[in-house]
Amino acid sequence: EFLSITSKARRPSAIRSLQPLVTLPGMISLGGGMPNPATFPFEKLTLQCNSGLELTLSDKVLEEALQYSPTPGLPALNEFLWERQLKEHTPPECAGVERSLTITQGSQDGLSKVFDMLLDSDDALLVESPTYSGSLAYLQPKGVSLIELETDEGGLIPERLEATMRNWDSANGARPKVLYTIPTGSNPTGASLSLERKKTIYEIASEFNLLILEDDPYYYLRLEGDRKQHPSFLELDTDARVIRFDSFSKILSSGMRLGFVTGPKPLIDRVNLHTQASNLHPTGITQAMVLALLQHWGEEGWEAHLENVCNFYKTQRDHFLKSAEKHLSGLVKWGRPNAGMFVWMKLLGVNDTQELIETKAVESKVILIPGSVFCPNPRPSQYVRAAYSTASPEDMDTALERLAHLLKE
């Protein structure tokens, strides 16, 4: 009942379906068009980490990474990530519904494939307002009706979700069947849902039979408190209605383009069918790099790395907020993000920030993102998004001083 017309029409690739059989002991393959690894010009890859650690990919490990591989990702990495999901989120068992995981070319790849799997052009999708512009870039040309749900400093307001579903006018078409949410350090607002709100949202989703798309790339970038005290929707998922998106972009490398999607197996299987017909499988080299690193680190090394990353972004955030207080008090209102890398700022006295940001700010050598690009449906916005991830404390201070001069003109 959730699948789009396109997804229902997908069929397994006859050649891709043979891939898991190739590695079986004694199997002789004359079927697939796999290149002979003897022709690959690579013998060994050595990775030097900034900690001094040196990782080497060679022999069978490198050969597997360079060859065509199973659609859900390298089996060893897929299994490693599945075990990590079980430990991190402890998803409850659902009678008769198995879960699985597939690795994608970054979280964005997983999102676009799931949107394609669930939505036809005449469907409606429940989205936070504002929301991630990357998702809007896929959804808007598709023609999906984007139903905006109000947010505040605590993220999605459950009462708005309930009112939208309970008061749905059938004249607007079929009632939405999917909710898209960014629950931690939301892009662009920096807001994070509390456990209380998550529980309420999940109850509403259960009542109205909604799937929840949990887009959570900033889950591990918790800047205050213990992330384990903030359970995910997956951890609350007693009905198998959550599809969760994770990413290595913010915690290892964005250029690796590596993410993973976790959810009910029947739906993850449909994502894999899409991958079979598009990019075949995620890039082997980056998967092998991540697997080697995670295996070497173990749990202790992984947690130590996350602590270092979070401490870095917490320091960046604090420098940004200090400069904002110094230069923008009385001119701008902003919140204090407890996760992620963004501050959502309301420019007082400015009804539409687009021209100011795209023209005058650029002329003053400051780049910010106007809030209108994060609106699901086009309209002016008083807001801008600022990222504190890469600029130095000195440059952040200078940028906000320049913004203040523009607002005073």
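See the structure printed just above.
Because the structure is a prediction, the values reported are computed rather than measured.

Q: What exactly am I supposed to notice about the packing of aromatic side chains here?
A: The geometry of an aromatic ring pair is captured by the separation of the ring centres together with the interplanar angle, meaning the angle of the planes. Scanning the entire structure with this criterion turns up ten aromatic pairs. For the ring pair Phe248 and Phe260, a centre distance of 5.6 Å and an interplane angle of 45° mean the geometry is tilted. You can see Phe248 sitting in the loop between strand E9 (242-247) and strand E10 (259-264) and its partner Phe260 sitting in strand E10, a full twelve residues away along the chain. Taken individually, Phe248 and Phe260 each receive the classification buried, so the pair is uniform in this respect. Their ring planes at 50° and their centres at 6.4 Å tell us that Phe320 and Tyr388 sit as a pair that is tilted. Highlighted residues: Phe320 in helix H10 (residues 284-328) and Tyr388 in the loop between strand E14 (383-387) and helix H12 (393-408), separated in sequence by 68 residues. Among the residues examined, Phe320 registers a relative accessible area of 3% and is labelled buried. The exposure class assigned to Tyr388 is buried, which follows from its relative accessible area of 0%. Feature note: the residues Phe115, Tyr138 and Tyr180 constitute an aromatic cluster, connected by ring pairs.

Q: Before we go on, may I ask you to explain the nonpolar core in this structure?
A: Looking at soluble globular proteins, one finds that nonpolar side chains tend to be buried together. The biggest cluster of nonpolar side chains holds 57 residues, and the ones touching the most others in it are Phe248, Phe320, Leu328, Met345 and Leu407. Residue contributions to this core peak at 15 residues, all from H10. Apart from the residues lying within four places of it in its own chain, the contact partners of Leu407 are Leu328, Leu331, Val332, Leu347, Val350 and Leu356. Listed in part, the 24 residues of the second largest apolar core include Val127, Leu139, Ile182 and Val271.

Q: Mind showing me how you'd approach the pairing of E14 here?
A: Side chains on a regular strand alternate between the two faces of the sheet. As paired elements, strand E12 (residues 342-347) and E14 share five bridges and run antiparallel to each other. Considered in E14, the bridge of Lys346 is made with Tyr383. Here strand E13 (residues 369-370) pairs with E14 via two bridges, running antiparallel. Along E14, the bridge assignment pairs Ile369 with Arg385.

Q: Looking at this model, I keep getting lost on the pattern of salt bridges. Mind explaining?
A: For side chains of opposite charge, pairing can occur when their charged atoms come near one another. For the structure on display, the rule yields 24 salt bridges. For Glu150, the salt bridge identified is with Arg160, shortest N-O distance 2.8 Å. On the criterion of sequence distance, the pair formed by Glu150 in strand E5 (residues 145-152) and Arg160 in helix H7 (residues 158-166) is long-range, its members being ten residues apart. With a relative accessible area of 38%, Arg160 lands in the partly exposed category. One salt bridge in this structure joins Arg244 and Asp246, with 2.9 Å as the shortest N-O distance. Assigned by exposure class, Arg244 and Asp246 land together as buried. Each member of the salt-bridge network shares a partner with another, and the members are Glu214, Asp216, Arg244 and Asp246.

Q: Explanation requested: the packing of helix H3 (residues 59-66) against H10 in the structure shown.
A: Two measures define how a pair of helices packs: the angle their axes make with one another and the distance between the axes. Interhelical geometry of H3 versus H10 gives an angle of 140° and a closest axis separation of 7 Å. The orientation of H3 with respect to H10, classified from their angle, is oblique. Note that H3 runs across H10; the crossing there is right-handed. Where H3 approaches H10, its residues Leu62, Ala65 and Leu66 are matched on the opposing element by Gly284, Ile285 and Ala288. Tallied by class, residues from the contact of H3 with H10 come to five nonpolar, one polar and no charged.

Q: Can you help me understand the pairing of E5 in this one?
A: Relative to E5, strand E4 (residues 124-129) runs parallel, the two being bridged by six bridges. The residue bridging Val127 from the neighbouring strand is Glu148, located in E5. The handedness of the E4 to E5 crossover, carried by helix H6 (residues 133-142), is right-handed. Relative to strand E6 (residues 155-156), E5 runs antiparallel, the two sharing two bridges. Bridge pairing links Asp152 to Gly155 in E6. Linking E5 to E6, which pair antiparallel, is a turn of two residues.

Rules of the game
Residues numbered from 1 in each chain as written. Predicted model: local features only at pLDDT ≥ 70, side-chain atom pairs only at ≥ 80, totals over all residues. Heavy atoms only, no water. Phe/Tyr/Trp six-rings, centres within 6.5 Å; stacked < 30°, edge-to-face > 60°. Helix = DSSP H or I, 4+ residues; strand = E, 2+ residues; numbered from the N terminus. Buried < 20%, exposed > 50% of the residue type's maximum accessible area, 1.4 Å probe, protein only. Core = buried A, V, L, I, M, F, W, Y, C linked by side-chain atoms within 4.5 Å. Contact = heavy atoms within 4.5 Å. Pairing = 2+ DSSP bridges. Salt bridge = Lys/Arg side-chain N within 4 Å of Asp/Glu carboxyl O. Axes fitted to C-alpha atoms, helices over the stretch in contact; angles between N-to-C directions. Parallel < 35°, antiparallel > 145°, perpendicular 65-115°, else oblique. Left-handed = near helix turned anticlockwise from the far one by under 90°. Nonpolar A, V, L, I, M, F, W, Y, C, P; charged D, E, K, R; others polar. Right-handed = clockwise from strand over helix to strand, strands pointing away.

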